[in-house]
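Below are the chains, spelled out letter by letter.
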Amino acid sequence: MRVRIDSTKLDLKERIIAINRVAKVVKGGKRFKFSCLVVVGDGHGYVGYGLGKAREVPEAIKKAVNRAKKNLVLLPLKGTTIPFEVTAESDAAKVLLKPACAGTGVIAGSAVRAIVESAGVHDIISKCVGRTTNPFNVVYATFKAIDMLCDPEKIIALRKGK
């Protein structure tokens, strides 16, 4: 569920998921640039991602963190896990998120693990079942799945017509 959050009030921790070096071939040689994918989260349900591009790695990371702070999402938690199972795709990446019993831990690949740990989920089972494990597409698919999640009480209230 997308919400507008003042990120200055949250204690956000950042995690770098991927850094790519991109080369542009010009007459005099190659020009290198970097793209960086970063996830930020407060450990209590708020999480966001950002993509930054620049000629230097630290500058790309700084841009990505600023964009991630602007794209915060509230992940509804049910105890230490998510409320229900959800699947989402982005391009060739398909991500499955399943709630798990207390004590299970985080069973997820690198990109999904970074997102759910940053959000504060302690028990979850995840699987990338698509044709790709490209971290960019996996992150996009995971955030689509997070957008599909909502609080079970809200669903009950909608069904009752309140």
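Above: the structure in question.
Residues numbered from 1 in each chain as written. Predicted model: local features only at pLDDT ≥ 70, side-chain atom pairs only at ≥ 80, totals over all residues. Heavy atoms only, no water.

Enquirer: Got a minute to help me understand the sheet that holds strand β4 (residues 72-74) in this structure?
Expert: Across a sheet, strands are paired by hydrogen bonds formed along the backbone, either parallel or antiparallel in direction. Spatially, the four strands line up as an open sheet ordered β1-β2-β3-β4, and their pairing is antiparallel. Each of the sheet's edge strands pairs with one partner strand only, and the pair in question is β1 (13-26) and β4. Within this sheet the neighbouring strands show an average axis-to-axis angle of 15°, counted without direction. Of the strand pairs in this sheet, strand β3 (residues 46-54) and β4 are connected by three bridges, and their pairing is antiparallel. When the sheet's bridge partners are listed, Gly48 is paired in β4 with Leu72. Running over the sheet, helix α1 (residues 57-70) touches β1, β2 (29-41), β3 and β4 and is turned about 145° from β3. Lying over the sheet, helix α2 (residues 110-119) contacts β1, β2 and β3, oriented at roughly 140° with respect to β1. (Pairing = 2+ DSSP bridges. Helix = DSSP H or I, 4+ residues; strand = E, 2+ residues; numbered from the N terminus. Axes fitted to C-alpha atoms, helices over the stretch in contact; angles between N-to-C directions. Contact = heavy atoms within 4.5 Å.)

Enquirer: Just checking my understanding: could you explain the side chain of Ser126 for this structure?
Expert: Tracing the backbone through its elements, the reader meets Ser126 in strand β8 (residues 124-128). A polar atom in the side chain of Ser126 sits 3.5 Å from the backbone oxygen of Leu96. The contacts of Ser126, once residues within four sequence positions are left out, are Val95, Leu96, Leu97, Ile107, Ala108 and Val112. (Polar contact = N/O pair within 3.5 Å; in protein donor to acceptor, adjacent residues only side chain to side chain.)

Enquirer: I would appreciate a short explanation of the nonpolar core in the present structure.
Expert: Judged by nonpolar contacts, the single largest core of 30 residues is most densely connected at Val47, Leu97, Val112, Ile115, Ile124, Val139 and Phe143. Counting only elements with at least two residues in this core, the list comes to β2, β3, β5 (86-90), β6 (93-99), α2 and α3 (135-148). Looking at this core, the element that brings in the most residues is α3, giving seven residues. (Core = buried A, V, L, I, M, F, W, Y, C linked by side-chain atoms within 4.5 Å. Buried < 20%, exposed > 50% of the residue type's maximum accessible area, 1.4 Å probe, protein only.)

Enquirer: How should I be thinking about the sheet that holds strand β7 (residues 106-107) in this particular structure?
Expert: Overall, mixed pairing links the four strands, which are arranged β5-β6-β8-β7 in an open sheet. Each edge of the open sheet carries a strand with a single partner, namely β5 and β7. In the sheet, β6 pairs with β8 via five bridges, with the strands oriented antiparallel. Within β8, the residue paired with Pro99 across the bridge is Ile124. Contacts from α3 reach β5, β6 and β8, with the element oriented near 140° to β5.

Enquirer: How do you make sense of α1 when you look at a structure like this?
Expert: The α-helix advances 3.6 residues per turn, and as a result positions three or four apart in sequence lie on the same side. Look at α1: 20 Å from first C-alpha to last across 14 residues, which is about the 20 Å you get at 1.5 Å a residue. Listing the buried residues of α1 in full gives Ala60, Ile61, Ala64, Val65 and Ala68. Taken around the axis of α1, the buried residues stretch over an arc of 135°, which confines them to a single face. Opposite the buried face of α1, at more than 90 degrees from it, the exposed residues are Lys62 and Lys70. For α1, the elements touching its buried residues are β1, β2, β3 and β4. (Expected span 1.5 Å × (residues − 1). Arc of directions from axis to C-beta.)

Enquirer: What's the story with a positive patch on the surface in this structure? I'm lost.
Expert: On the surface, a cluster of positive charge is contributed by Lys24, Arg31, Lys33, Lys53, Arg55, Lys63, Arg67 and Lys70. Among the secondary structure elements, those contributing two or more residues to the positive patch are β2 and α1. Top element by residues in the positive patch is α1. It accounts for three residues. Within the fold, Lys24 resides in strand β1. For Lys24, a relative accessible area of 56% corresponds to the exposed category. (Patch = residues over 30% accessible without salt bridge, like charges linked within 9 Å, V, L, I, M, F, W, Y side chains within 5 Å. Areas by Shrake-Rupley, 256 points an atom, 1.4 Å probe, with all protein chains shown as cover. Salt bridge = Lys/Arg side-chain N within 4 Å of Asp/Glu carboxyl O. Lys, Arg positive; Asp, Glu negative; His and termini not counted. Charge placed at Lys NZ, Arg CZ, Asp CG, Glu CD.)

Geometric descriptors of this kind do not, in isolation, establish any biological role.
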